[in-house]
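# Overview (structure and organization)
Residues per chain, in single letters:
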Amino acid sequence: MRPQMHRFGDFVRRNRALTVSVAVLGAMVVAVALLPLVLPSTRMIAPSNRLLPPSWSHPFGTDSYGRDVLSRLVTGGRYSLGLAALITLCAGTLGLLIGMVSGFFRTADAVLMRLVDAGMAFPGIVLAMSLAVALGPSMSTELLALTIVFTPLVARVIRSRALSVSRRNYIDAARAAGVPAWKILLKHVCPNVLPLAVVQLVIISAMSMLIDGALSFLGLGIAPPTPTWGNMISDGRDYLTVAPWLVIFPGVALLVCVFFLNLLGSSLRATVDPRVRALNALQRLRARHRTATPFTKAPRMRTP
């Protein structure tokens, strides 16, 4: 047990950014999952308590309808984080399948990559806004729009790694031995692309939260009275001078979540990418060599 704890402590010391990111994001997930069970309902309107500043009874104040901002913030976090997780899952699954098939089968690569290039030709936010306007603002519309936006990004990254893996000697040996293509994909290609896919999905989740906030702010995301961090910011902009907490708290929540998701993605890349890991090990070795005490020769004794 002690050697395992020692290895865990050494891992935490070497990956402090990763540990802090996981701790902060885990705390946010626990908060949005459990706090709505004990806080007042987000639909409880109290006109006599409208626009109250933060206090002991309402730690984050109240909005223009007298609703508790903290309750709406954690409930909105359920929708914002849940939607980002759904978008990441759908776009990651489709992008992983398309990228692996395109990188392994050269005949399918020409067709699939042209479709991916066509999807990447449109700006993501513009495409998402167009679909939201055409289909109407809703959670399913936003899920469909952002899945279409992010699938080509994941597929392009996975395809490049699958293409390099498919050219290795053990893949040629498996083909020569008559191993079916689907088994090669599952047993040899997929384990080599999964670490990169995980890093890409964490970054995609941060980007999806930003676009979700922008769409909700513009009224093209999840429609009120369902709270999300984006439409809470949109509702509070009319009271920015008299009740700035209506914008500050959801804006800070969105900022913190996106920041630590990006930090988690960069830390994961430094942990799972062999090239980055080797470069970091070389830098630590050089730093240790520079700080080491240089060897000094013993002074010669004078002969009488």
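Residues numbered from 1 in each chain as written. Predicted model: local features only at pLDDT ≥ 70, side-chain atom pairs only at ≥ 80, totals over all residues. Heavy atoms only, no water.

### Some thoughts on the overall build of the chain
Here is the rule we go by: Secondary structure is summarised from DSSP: a helix means a run of H or I of at least four residues, a strand means a run of E of at least two, and numbering begins at the N terminus for each. The rule is simple: take the accessible area with a 1.4 Å probe, protein chains only, and divide by the maximum for that residue type; under 20% is buried, over 50% is exposed, in between is partly exposed. Contacts are assigned to residue pairs that have any heavy atoms within 4.5 Å of one another. Each accessible area value is a Shrake-Rupley result obtained with a 1.4 Å probe; residue values ignore everything except the protein chains displayed when judging cover.
Broken down by element type, the chain carries 11 helices and zero strands. Along the chain direction, N to C, the helices and strands of the chain fall in the order α-α-α-α-α-α-α-α-α-α-α. Counting across all 304 residues of the chain, residues that qualify as buried make up 38%. Residue pairs at least 24 apart in sequence account for 70% of intrachain contacts in the chain once pairs closer than 6 positions are excluded. In the form shown here, the chain has an accessible surface area of approximately 17700 Å², with 69% of it arising from carbon and sulfur atoms.

### Details of a nonpolar patch on the surface
The line we're drawing: A patch consists of residues whose relative accessible area exceeds 30% and which take part in no salt bridge; residues with like charges are grouped when within 9 Å of each other, and nonpolar side chains (Val, Leu, Ile, Met, Phe, Trp, Tyr) when within 5 Å. Counted as salt bridges are all cases of a side-chain nitrogen of Lys or Arg within 4 Å of a carboxyl oxygen of Asp or Glu.
A cluster of nonpolar side chains, V30, L34, L35, L37 and V38, forms an exposed patch at the surface whose accessible area comes to about 490 Å². In this structure, L37 sits in the loop between α2 (16-34) and α3 (69-104).

### Side note on the environment of R50
Assignment of secondary structure puts R50 in the loop between α2 and α3. Here R50 falls in the partly exposed class, since its relative accessible area comes to 41%. The residues touching R50, leaving out its near neighbours within four places in the chain, are T62, D63, S64, G66 and Y239.

### Some thoughts on helix α6 (residues 139-165)
Rules: What a helix should span is 1.5 Å times the count of its residues minus one. The angle between axes fitted to the seven residues ending at a residue and the seven residues starting there is what we call the bend at that residue.
Across its 27 residues, α6 extends 37 Å between first and last C-alpha, which sits within 8% of the 39 Å expected from 1.5 Å per residue. Taken as a whole, α6 carries its principal kink of about 30 degrees at F150; the proline P152 stands between one and four residues after it.

### Quick word on unusual backbone geometry
Its identity is not glycine, yet L51 carries a phi of approximately 60 degrees, on the positive side. In this fold, L51 is placed in the loop between α2 and α3.

### Examining the side chain of T75
Topologically, T75 is positioned in helix α3. Aside from chain neighbours lying at most four places away, what touches T75 is P36, T42 and P227.

### Points about the nonpolar core
To be explicit about the condition: Joining through side-chain atoms within 4.5 Å is the link that ties buried Ala, Val, Leu, Ile, Met, Phe, Trp, Tyr and Cys residues into a set, and such a set is a nonpolar core.
One finds M100, F150, I158, V189 and V193 to be the most contacted residues of the largest nonpolar core, which totals 30 residues. Taken together, the elements giving at least two residues each to this core come down to α3, α5 (124-135), α6, α7 (169-176) and α8 (181-217). The greatest single-element share of this core, amounting to nine residues, is contributed by α8. Residue contacts for F150: discarding those within four places in its chain leaves I87, A91, I204, M207, S208 and I211. In terms of nonpolar packing, the next biggest core, distinct from the first, is built from 25 residues, L18, V199, M209 and L254 among them.

### Overview of the packing of α5 against α6
In plain terms, the rule: Axis geometry follows a simple rule: fit a line to the C-alpha atoms, using only the stretch in contact for helices, then measure angles between N-to-C directions, giving values from 0 to 180 degrees. Our angle categories are set so that under 35 degrees counts as roughly parallel, over 145 as roughly antiparallel, 65 to 115 as roughly perpendicular, and the remainder as oblique. We call a crossing left-handed when the near helix sits turned anticlockwise from the far one by less than a right angle, and right-handed when that turn is clockwise.
It is the contact of α5 with α6, at a shortest axis distance of 9 Å, that shows an interaxial angle of 150 degrees. Taken together, the axes of α5 and α6 lie roughly antiparallel to each other. As for how α5 packs across α6, the hand of that crossing is right-handed. Judged by residue contacts, G124, L127, A128, L131, A132 and L135 of α5 engage T141, L144, A145, L146, I148 and V149 from α6.

### Quick look at the pattern of salt bridges
As enumerated under the stated definition, the model contains six salt bridges in all. Across the pair R159 and D109 runs a salt bridge, and its minimum N-O distance is 2.8 Å. In this pair, R159 sits in helix α6 while D109 sits in helix α4 (residues 106-120), placing the two residues 50 residues apart along the sequence. Comparing R159 with D109, the two get one shared label, buried. A single network of salt bridges, built from pairs that share partners, joins D63, R67 and R72.

### As for the packing of α6 against α8
At a minimum axis distance of 9 Å, the contact between α6 and α8 shows a crossing angle of 150 degrees. Taken together, the axis directions place α6 and α8 in an arrangement best described as roughly antiparallel. Between α6 and α8 lies a crossing of right-handed hand.

### Considering the confidence of the model for the chain
Spelled out, the test is: pLDDT measures how confident the predictor is about each residue, on a scale from 0 to 100.
The predicted model of the chain averages 82 in pLDDT, with 87% of residues at 70 or higher. The lowest-confidence element of the chain is helix α1 (residues 2-14), averaging 54 in pLDDT; the highest-confidence one is α3, averaging 90.

### Observations concerning the environment of P227
Along the chain, the position of P227 falls in the loop between α8 and α9 (229-236). On the basis of relative accessible area, P227 is assigned to the buried category, the value being 3%. The sequence separation of P227 and T42 amounts to 185 residues, and the corresponding C-alpha distance is 8.2 Å. Ignoring anything within four residues of it in the chain, the contact list for P227 reads R72, T75, G76, Y79 and M232.

### Describing the packing of aromatic side chains
Aromatic rings in a pair are described by how distant their centres are and how their planes are angled relative to each other. The condition that has to hold: Pairing of aromatic rings covers Phe, Tyr and the six-membered ring of Trp, with a centre-to-centre limit of 6.5 Å; geometry is then stacked below 30 degrees between planes, edge-to-face above 60, and tilted otherwise. A ring is considered to have a charge above it if a Lys NZ or an Arg CZ atom is located within 6 Å of its centre and within 35 degrees of its normal.
Within the structure shown, the criterion is met by three aromatic pairs. Seen from their ring centres, F104 and F105 are 5.0 Å apart, and the 85 degrees between their planes marks the pair as edge-to-face. We classify F104 as buried; its relative accessible area is 6%. Its end group placed over the ring of F104, R175 keeps NZ or CZ at 4.5 Å from the ring centre. R237 extends its terminal NZ or CZ atom over the ring of F217, reaching a point 4.8 Å from the ring centre.

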